[in-house]
Amino acid sequence: MPVTVKPGGAVFSGSILRQGEIDGMVYATGTNTYFGKTAQLVQEAHTVSHFQRAVLKIGDYLIVLAVALVAVILVVALIRGDKVLTTLEFCLVLLVAGDSGGHATVLSVTMAVGARLLAKKGSDCNALVGN
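Parameters and conventions
- Residues numbered from 1 in each chain as written.
- Predicted model: local features only at pLDDT ≥ 70, side-chain atom pairs only at ≥ 80, totals over all residues.
- Heavy atoms only, no water.
- Salt bridge = Lys/Arg side-chain N within 4 Å of Asp/Glu carboxyl O.
- Helix = DSSP H or I, 4+ residues; strand = E, 2+ residues; numbered from the N terminus.
- Expected span 1.5 Å × (residues − 1).
- Buried < 20%, exposed > 50% of the residue type's maximum accessible area, 1.4 Å probe, protein only.
- Arc of directions from axis to C-beta.
- Patch = residues over 30% accessible without salt bridge, like charges linked within 9 Å, V, L, I, M, F, W, Y side chains within 5 Å.
- Areas by Shrake-Rupley, 256 points an atom, 1.4 Å probe, with all protein chains shown as cover.
- Axes fitted to C-alpha atoms, helices over the stretch in contact; angles between N-to-C directions.
- Parallel < 35°, antiparallel > 145°, perpendicular 65-115°, else oblique.
- Contact = heavy atoms within 4.5 Å.
- Nonpolar A, V, L, I, M, F, W, Y, C, P; charged D, E, K, R; others polar.
- 1 Å grid on protein atoms, 1.4 Å probe; cavity = no way out; pocket = protein on both sides within 12 Å on 5 of 7 lines; lining within 4 Å.
- Points joined across faces, edges and corners; volume = space filled by probe spheres on them.

### Some thoughts on the pattern of salt bridges
A complete count under the given rule lists one salt bridge for this structure. The salt bridge involving Asp82 is made with Arg80; its shortest N-O contact spans 3.8 Å.

Written out as structure tokens, the structure is:
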């Protein structure tokens, strides 16, 4: 929101000057700023949300499923007499694909896009999640 700042008043990072001139002096950076302190508090909180627990549970399920599939593939390959090196390469690809490293990011971005679309339609996203 537009505000009028009197001489000697403070403006915050990201402020846009609409009219007039200003000389500035940086008096806080990093964790000494308002946003830096907030980010530090969030980082130190170490709380696990329901969403994070669900993502971790999905990741554990995917890892167990990938290991089980690798075991089945190894047994079938040994019975069929397939080349061991080719089978191990295939198993490695399966394990890498089953790794849960990126799915948390994908889920977070998907939720953010969904919240944005709901906000455009005028929905109250807090009401939807029970806040």
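Once you've had a look at it, read on.
### Comments concerning helix α3 (residues 84-98)
The first and last C-alpha atoms of α3 sit 21 Å apart over 15 residues, in line with the 21 Å expected at 1.5 Å per residue. Within α3, the full set of buried residues consists of Thr87, Cys91 and Gly98. Along the axis of α3, the buried positions cluster into a sector of 35°, meaning they face one direction only. Facing away from the buried side of α3, by more than 90 degrees, are the exposed residues Leu85, Leu92, Val93, Val96 and Ala97.

### Brief notes about helix α2 (residues 50-80)
Here α2 is 31 residues long and its end C-alpha atoms lie 45 Å apart, about the 45 Å a rise of 1.5 Å per residue gives. If you check which residues of α2 are buried, you get Val55, Gly59, Ala66, Val70 and Ala77. In the stretch just after α2, Gly81 is the one whose phi turns positive, near 80°.

### With respect to a nonpolar patch on the surface
Together, Ile58, Tyr61, Leu62, Leu65, Leu69 and Leu107 make up an exposed nonpolar region whose accessible area comes to about 510 Å². Ranked by the residues each element gives to the nonpolar patch, the list is headed by α2, at five residues. Looking at where Leu65 falls in the secondary structure, it is placed in helix α2. For Leu65, a relative accessible area of 39% puts it in the partly exposed group.

### Section: the packing of α2 against α3
Relative to each other, α2 and α3 sit at 170°, their axes nearing to 9 Å. As judged from the angle between their axes, α2 and α3 are roughly antiparallel. Contacts from Leu62, Ile63, Ala66, Val67, Leu69, Val70, Ile73, Leu74 and Ala77 in α2 reach Thr87, Leu88, Phe90, Cys91, Leu94, Leu95 and Gly98 in α3. Counted by class, the contact of α2 with α3 contains 14 nonpolar, two polar and no charged residues.

### What about the layout of surface pockets?
Vacant regions in the atomic arrangement are exposed by a probe of water-molecule size rolled over the atoms. Taken as a whole, the largest pocket holds about 1100 Å³ of empty space. Lining the largest pocket are 30 residues, and of these Ala10, Val11, Phe12, Ser15 and Ile22 lie nearest its centre. When the residues that make up the lining of the largest pocket are grouped by side-chain class, the tally is 17 nonpolar, nine polar and four charged.

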